[in-house]
Amino acid sequence: MSAEIGESGFRPPRKTLLWTVFAICICVVLLFSTDWLNESANVQPGLVNIIKLLLIFVTGLTWLIWLTFFSGLRTRFLLGLGCIALVTLFFYFFRLIFDGDLGFVRVDSRFAQLEFENPLDTSATQVDLATAGSKDFNQFLGNNRNAVIEDRVLNADWKEHQPKLLWKQPIGAGWSGFSAVNGFAVTQEQRGQDECVTCYDVATGELIWIHAAARRHEDTMSFGKAGPRATPTIHEGRVYVQGATGVVECLDGKYGALIWSVDLTKMLDIELTENKSSQGFTYQFEDSPLAWGRSGSPLIYGDMVIVPGGGPQGGPFTTLIALDKKTGQEKWRGGENMIAYGSPAIARLLGQTQITLVAESSAMGFDPDTGDVLWETIRPGSSNADANCSQVTSLSDKRILLSKAYQLGGELVELSRSNGKITTRTIWKNPRVFKTKMMSPVIRDGFAYLLSDGFLECCDLRDDQLEGRRVWRKRGRFGNGQLLLIGDHLLVHTEYGALKLIAASPEEYRELGEVQTIDGVCWNTICLYDRFLLVRSELEAACFELALDPAETAAVETEHADSISQSGPTGTGGPADSSVIDE
């Protein structure tokens, strides 16, 4: 340090200033080189943000040390203690909210609570969720669980026909999406101490019924935040849900009354650790590798509801569990792998109906009648760090596509049958593309569209030699958002609450329109019921009415109906036309 200056003994912080300038320069370089690092060296945006946060922390600590020990000020210790007290008080009263790549989003009060009206008296409520129609969106990622809507065509002129906001309102915390049938939408949300299943009128946003249970999930580091994660499944007038702490429930869709409830943690001998939040709520989390709560949306197959299993720290593990959809009684257990955050789905592979699931460190196929594991391929991951979240994407009768961020990327796998057993063979792996985190790719005409480490990306799947070569990509502040493929258009809801209409074309990135939607972190899947788009975050929910092209939609509906009647209920290869199958 330099010599003292003046009677106060003050010493200018030359080394600290040099470090601060160095840290600022590094942060600026990282800010403007994030895309380049991702493209050239496959560095995750999250890692870049961690480095920036560490630089900010070390810089602040350096200034505090200088002020307390080297500033030469007579009151340096008091000033140092004051700074420590101010920082401590700030983090006692407030918390930083980050996006999926640890980018700063906002500051929240640790003690503020969203106030809701008392639960409604729903004893006289009559909601009809049993009358199903072709425009329903009855489960996670739509009726086919593939985020593809085949029977509607959007009007692409958003200058003249911009999405119309019907309603926007606060909603309880959580990452569940909406499912919608016959004009009613169902989701899960955290309302204080209660984990709730809620039913809204699609057109008005009016809360019709609510089912509340005294449960709350949070993770210890608060990266996953509070609330339920899994999207409800609506089937034959009933609602099937899985809460974040592992309780699977079946509700009467008319008024939300509980029909049966099964606690998977008790079934699988998993201990729940209990803690108290700063808001005074009691919350639980699993003593297992599943750090961020249960996200698996229930799958209906025949007379069963199928959900991911799991197990205690160190095992033993059960990958899938089938319950009787009418009673909740166990039907079978399948697999011995720890689960991650994907949902089971139906696919038609090698001429056989199968259940596909990405578990903690593998992708798997199951016999839906017995739970027997039909095939398995390694997909490295850890459910408390570089977790598997994206779905298995079925491309044909014998091919599947796997995708994941954390520098793993895409993998094309081919299935074959030999001596009565199914084997897998990797056609290609490419860590530079298909880096999905909280969404799954959609496929159109041999091209995949997806959000890859924050970029919207189009990749070519037509030629194996290309190894999923990227055709184009666009940054555009998409973050870890969600998308739907509707005809030849993509509806992309960004992590930061912007809705974009984009042409699903391999020729170039072409944005056709954009509207702002809601506040909050938008990890929740989006739901298109008829022409009504439902979006939500951990703070707000909203409904937008989209303009359709009537003539084109009618033509597509006719073509789609003819295709189903000619090819049968599962089409020709690829995923079944409905993952809710009665056999």
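Read on for a plain summary of the structure. All figures in this text were calculated on a predicted structure; none of them were measured in a lab.

As for the packing of aromatic side chains
Given two aromatic rings, their pairing is described by the distance between the two centres and the angle made by the two planes. What the rule picks out here adds up to 18 aromatic pairs. Members of the aromatic cluster, each reached through a chain of ring pairs, are Y449, W472, F478 and Y509. For the cation-ring pair, R473 lies above F455, with the distance from its terminal atom to the ring centre recorded as 3.6 Å. Positioned above the aromatic ring of Y496 is the side chain of R477, whose terminal nitrogen or guanidinium carbon lies 4.0 Å from the ring centre.

Some details on the packing of helix α2 (residues 45-70) against helix α3 (residues 76-93)
One way to put it is that α2 packs onto α3 with a least axis distance of 7 Å and a crossing angle of 150 degrees. In terms of orientation, α2 and α3 fall into the roughly antiparallel class. The residues of α3 that touch α2, namely those facing L64, L67, T68 and F69, are R76, F77, L79, G80, C83 and I84. Taken together, the residues that form the contact of α2 with α3 break down as seven nonpolar, two polar and one charged.

Quick word on the sheet that holds strand β24 (residues 399-402)
In spatial order, the strands read β23-β24-β25-β26; together these four strands make up an open sheet with antiparallel pairing. Every interior strand has two partners, whereas the edge strands, β23 (393-394) and β26 (421-430), have only one. Here two bridges tie β23 to β24, and the two strands are oriented antiparallel to one another. Counterpart to S394 in the pairing with β24 is I400.

Some words on unusual backbone geometry
Each neighbour pair has its own omega, and for G315 with P316 the value is 5 degrees, a cis peptide bond. Along the chain, the position of P316 falls in the loop between β16 (304-310) and β17 (318-324). If you check the backbone angles, R145 has positive phi at about 55 degrees while not being a glycine. Note that R145 resides in the loop between β2 (104-109) and β3 (148-149). The backbone of N419 sits at a positive phi, close to 55 degrees, despite the residue not being glycine. Counting through the fold element by element, N419 comes out in the loop between β25 (410-418) and β26. Accessibility expressed as a relative area gives 80% for N419, which makes it exposed.

Criteria and cut-off values
- Residues numbered from 1 in each chain as written.
- Predicted model: local features only at pLDDT ≥ 70, side-chain atom pairs only at ≥ 80, totals over all residues.
- Heavy atoms only, no water.
- Phe/Tyr/Trp six-rings, centres within 6.5 Å; stacked < 30°, edge-to-face > 60°.
- Lys NZ or Arg CZ within 6 Å of the ring centre and 35° of its normal.
- Axes fitted to C-alpha atoms, helices over the stretch in contact; angles between N-to-C directions.
- Helix = DSSP H or I, 4+ residues; strand = E, 2+ residues; numbered from the N terminus.
- Parallel < 35°, antiparallel > 145°, perpendicular 65-115°, else oblique.
- Contact = heavy atoms within 4.5 Å.
- Nonpolar A, V, L, I, M, F, W, Y, C, P; charged D, E, K, R; others polar.
- Pairing = 2+ DSSP bridges.
- Buried < 20%, exposed > 50% of the residue type's maximum accessible area, 1.4 Å probe, protein only.

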